[in-house]
Each structure stands twice: as structure tokens, then as C-alpha cells.
Amino acid sequence: MRKAVPHLQGSLDGGAARAACGAGFPAGTPLYRHAGCPDCAMTGYRGRFSILEILTMTAELERLIAAGEAADKIAGRRQGAGA
């Protein structure tokens with residue numbers, strides 16, 4: 001994910017922004033518009049960060065992955081195991 005330059009962040013009108021993007025954000029979700037500056041090459045973003053999920057491997061999960069099972073089946077087994 002890209003990191004927004006904090007000092008350039010400007011709020012958008014929630015209703016108009018939600019209608020324009022059609023992304024279905026829940027009511028009350030803040031939406032922002034980013035302007036540019038020389039530090040960010042006029043993009044409004046500088047740097048990146050990761051969104052991660054850690055999966056503790058079990059023998060069963062390893063077999064499912066090796067067999068090429070679908071991600072939803074693997075996730076279902078993981079959740080069923082209490083992970």
C-alpha cells in the first residue's frame with residue numbers, strides 16, 4: 001500500500017466521494033484527497049507499507065497447498081482448526 005503524505009491530506013465530502021467512487025464504503029469512513037509536492041513528485045504519496053497475514057503451517061494446510069486447493073478451502077480449514 002502507498003503511504004499518503006500527511007501534510008497534503010485533505011478531506012473529501014463523504015457523500016459525494018462515495019457516490020463518485022462507487023466503492024461502497026461504510027458510512028462514517030473518512031475519505032481523503034491527496035495533492036502533490038516536490039517531496040513526493042506531485043503524487044501525494046511517499047513510501048509504502050505492508051498489510052500482512054501470518055499463517056501457521058500445519059501438515060494438513062501444507063497438503064492442501066501442495067495439492068493446489070482453492071484459497072477459500074484453505075481458509076475454511078484454517079478457521080475450522082481455530083487459527
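Look a little higher up for the structure.
Residues numbered from 1 in each chain as written. Predicted model: local features only at pLDDT ≥ 70, side-chain atom pairs only at ≥ 80, totals over all residues. Heavy atoms only, no water.

Caption draft 1: Spotlight on the overall build of the protein chain. Scanning the protein chain for helices and strands turns up 3 helices and 4 strands. Listed N to C, the secondary structure of the protein chain is β-β-α-β-β-α-α in terms of helices and strands. Burial analysis of the protein chain (83 residues in total) assigns 13% to the buried set. Taken as a whole, the protein chain presents about 6400 Å² of accessible surface, with 55% of it coming from carbon and sulfur. (Helix = DSSP H or I, 4+ residues; strand = E, 2+ residues; numbered from the N terminus. Buried < 20%, exposed > 50% of the residue type's maximum accessible area, 1.4 Å probe, protein only. Areas by Shrake-Rupley, 256 points an atom, 1.4 Å probe, with all protein chains shown as cover.)

Caption draft 2: Summary view of the environment of Arg-77. Mapped onto the fold, Arg-77 is located in helix α3 (residues 71-80). Discounting residues that sit within four places of it in the chain, Arg-77 has contacts with Glu-60, Leu-61 and Leu-64. Within polar-contact distance, the side chain of Arg-77 engages the side chain of Glu-60 at 2.7 Å. (Contact = heavy atoms within 4.5 Å. Polar contact = N/O pair within 3.5 Å; in protein donor to acceptor, adjacent residues only side chain to side chain.)

Caption draft 3: Highlighting a nonpolar patch on the surface. A surface patch of nonpolar side chains, about 350 Å² in accessible area, is lined by Met-1, Phe-49 and Ile-51. Looking at the element boundaries, Phe-49 is found in the loop between β4 (45-48) and α2 (59-66). Taking relative accessible area as the criterion, Phe-49 reaches 40% and is therefore assigned partly exposed. (Patch = residues over 30% accessible without salt bridge, like charges linked within 9 Å, V, L, I, M, F, W, Y side chains within 5 Å. Salt bridge = Lys/Arg side-chain N within 4 Å of Asp/Glu carboxyl O.)

Caption draft 4: Local environment of the environment of Lys-3. The residue Lys-3 is located in strand β1 (residues 2-4) in this model. Put simply, Lys-3 and Phe-49 are 46 residues apart on the chain and 6.7 Å apart in space, counted from C-alpha to C-alpha. For Lys-3, the residues in contact, after removing those within four places along its chain, are Gly-44, Tyr-45, Arg-46, Gly-47, Arg-48 and Phe-49.

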